[in-house]
Amino acid sequence: MCRSIKVLRERDVPASDNEIAAAALQYVRKISGYRAPSKANEAAFDAAVEEITVASKQLLNSLRYGVRA
């Protein structure tokens, strides 16, 4: 995968909806190999971005920030 992945936000600062959606789009672009899909693949591309956005929000909402185990 990509070696240039950087942390997109600080751990103690909640990510905004726009940041989460942008990260999902970046991931789909990286994994698919396309910056923009063809018309034939646009629906699948957009659906993947939405599903990853939802899953990312669920993950971030379930994490306990500032709590050390």
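Everything below is about the structure printed above this text.
Here the structure is a predicted model, which means the values were calculated and not measured.

A few words on the overall build of the protein chain. For the protein chain, the count of helices and strands is two helices and zero strands. Counting only residues that meet the buried cut, the protein chain has 10% of its 69 residues in that class. Put simply, of all contacts in the protein chain between residues at least 6 apart along the chain, 64% involve residues at least 24 apart. Total accessible area on the protein chain stands at roughly 5,900 Å², and carbon and sulfur atoms take up 54% of it.

Here the focus is the environment of Arg-35. On the secondary structure map, Arg-35 appears in the loop between helix 1 (17-32) and helix 2 (42-62). Classification of Arg-35 as exposed rests on a relative accessible area of 64%. As for Arg-35 and Leu-25, which are separated by ten residues in sequence, their C-alpha atoms are 9.2 Å apart. Apart from the residues lying within four places of it in its own chain, the contact partners of Arg-35 are Arg-29 and Phe-45.

In this section: helix 2. Over its 21 residues, helix 2 runs 30 Å from end to end, which matches the ideal 30 Å to within 8%, given 1.5 Å per residue. Those residues of helix 2 not exposed but buried are Phe-45, Val-49, Thr-53 and Leu-60. Taken down its axis, helix 2 places every buried residue within 75° of arc, on the same side. In helix 2, the exposed positions that point more than 90 degrees away from the buried face belong to Ala-43, Ala-44, Glu-51, Gln-58, Asn-61 and Ser-62. Tucked inside the fold, the buried residues of helix 2 contact helix 1.

Cut-offs applied
Residues numbered from 1 in each chain as written. Predicted model: local features only at pLDDT ≥ 70, side-chain atom pairs only at ≥ 80, totals over all residues. Heavy atoms only, no water. Helix = DSSP H or I, 4+ residues; strand = E, 2+ residues; numbered from the N terminus. Buried < 20%, exposed > 50% of the residue type's maximum accessible area, 1.4 Å probe, protein only. Contact = heavy atoms within 4.5 Å. Areas by Shrake-Rupley, 256 points an atom, 1.4 Å probe, with all protein chains shown as cover. Expected span 1.5 Å × (residues − 1). Arc of directions from axis to C-beta.

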